[in-house]
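Survey of secondary and tertiary structure
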Amino acid sequence: MSATETAPVTGPSFGDAASGWLRGRAPVPALVAAALVFTLSSVRAYGKARSGIDNAVVVRAARALLSGGSPYADKRFLYPPGAVFAALPQTPFPEKVLFYAVPVVTGALVAVGGVLALRIFGVRADSRLAVALALGTALFLPFQSLVFLGNWTAASVVAFPAALLLARNGRWAAAGVVVGVAVALKPMLVPLFLLFLLARQWRALAWGLGLPAAISLSAAVALPRPGLFFTRTLPFLLHGQDAYARPYDASWPAVLPRLGVPHLLAFALAAVAGTAVLYFAWLRWRCGGDPALRLVECAALLMLAAFVVSRPSFLNYALVVVPSLAVSVVVRGAAARSVWFWVPLVPQLGGVPWPGVDSAQRHAFRDVVMFGGLAVVLGVAAWRGRGGGRDDGVVTESCYRYSLCSEVGARRSGPETRADPEAR
């Protein structure tokens, strides 16, 4: 191109304009309304007699420890030893107090996770996107399930975006600490160890592996009959729990046999599907692009691979990955900008019917579509981005005789200036 020629000018797309609008500060009435709807959705559990069922199991295990018994004598207690001691602060409170407190605390933890997800992409907590996230979460069936059960998945809902935010800021060791503590409470974020491997962050991996091991071993020493975890709890988990919990399990080894697929074949299909999702996670990491988007989409694929294979895989697990993925819509090239990303999520909104699978016993069929659909959309996006890197949001501005492309110079100046979470 000669010096007298001008570069072609590319104006902002509709997605970029919408992204700018979503990042803007929301009106105060909208913020108040969103907070009110979110709070009302959190406390709707009060209308049911058995609110906080899952949290009650952990508190019961802590009380068993105080009375000299083994927490693992209860087959419903499926958490690591560290969770017993984490539940001790709840033991002095009567059941009525916990009935009213647990849904509120669980909802607050989800709100914190949402704010952290926003911060991964530099979006303010009083933005229009924050309002949309709060309203969408309030109507999201996995959220309603989580606050009703008081499930400790809420810890992972906070830890997942917290770890990615720290990694986005180059604080990988701190991210490993967050993941390690979360795994010590509930081993849901174990797939993120693979993220540390992909990023070659060995110190973060050491923290992530070492902390839960040290916490669990220390706690196990203080428990009566800790061997029950291996002789009773672990076999119970590996067999997919029992007839009470199995209908709610959305993993392929649990859902496919309900459709007539032999158990061995179902496990083989799940293994193939999980391996494919892991491959797409590796491919997404190789694609590069926007550092925050790269972290979120790769980590989400790692988690979804586990949701496909591992037993159990329940509805509320979606809250670990969906908020961060939904917020990524503000980044050019995000899978969340595709309408197909939202298709498997819409049936999970309260009031949207799905004939034949609306009952609690058959809801797992809807959930497996959600997990599988998200994995497919993210996998296709990673496949399309292979070979040259993902679009990292070059913005072109023009004025009469010249055009300026932001970040182009940074790309051409060499690897030392690349916005890459591995770069130091």
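The coordinates are above.
To keep things clear, this report deals only with the structure shown in the data block. Everything quoted here is computed from the prediction, not taken from an experiment.

Rules and cut-offs
Residues numbered from 1 in each chain as written. Predicted model: local features only at pLDDT ≥ 70, side-chain atom pairs only at ≥ 80, totals over all residues. Heavy atoms only, no water. Core = buried A, V, L, I, M, F, W, Y, C linked by side-chain atoms within 4.5 Å. Buried < 20%, exposed > 50% of the residue type's maximum accessible area, 1.4 Å probe, protein only. Helix = DSSP H or I, 4+ residues; strand = E, 2+ residues; numbered from the N terminus. Axes fitted to C-alpha atoms, helices over the stretch in contact; angles between N-to-C directions. Parallel < 35°, antiparallel > 145°, perpendicular 65-115°, else oblique. Left-handed = near helix turned anticlockwise from the far one by under 90°. Contact = heavy atoms within 4.5 Å. Nonpolar A, V, L, I, M, F, W, Y, C, P; charged D, E, K, R; others polar. Patch = residues over 30% accessible without salt bridge, like charges linked within 9 Å, V, L, I, M, F, W, Y side chains within 5 Å. Areas by Shrake-Rupley, 256 points an atom, 1.4 Å probe, with all protein chains shown as cover. Salt bridge = Lys/Arg side-chain N within 4 Å of Asp/Glu carboxyl O.

Examining the nonpolar core
- F121, F160, L189, L195 and M303 are the most contacted members of the largest nonpolar core, which totals 89 residues.
- The element best represented in this core is helix α15 (residues 291-309), accounting for 13 residues.
- Listed in part, the 15 residues of the second largest apolar core include Y79, V84, L223 and L228.

A few points about the packing of helix α8 (residues 153-168) against helix α16 (residues 318-327)
- Axis separation between α8 and α16 bottoms out at 8 Å; the angle between their running directions is 30°. Relative to α16, α8 is oriented roughly parallel. Crossing angle aside, the handedness with which α8 passes α16 is right-handed. Of the residues in α16, those touching α8 at T153, S156, V157, F160 and P161 are L319, V320, V321 and S324.
- Its residues assigned to classes, the contact of α8 with α16 shows six nonpolar, three polar and no charged.

A closer look at the side chain of T137
- Relative to the elements of secondary structure, T137 occurs in helix α6 (residues 128-139).
- Discounting chain neighbours no more than four positions away, the residues touching T137 are F38, V110, F143 and L319.

Considering a nonpolar patch on the surface
- A cluster of nonpolar side chains, L194, L197, W202 and L278, forms an exposed patch at the surface whose accessible area comes to about 370 Å².
- By the element assignment, W202 lies in helix α11 (residues 202-221).

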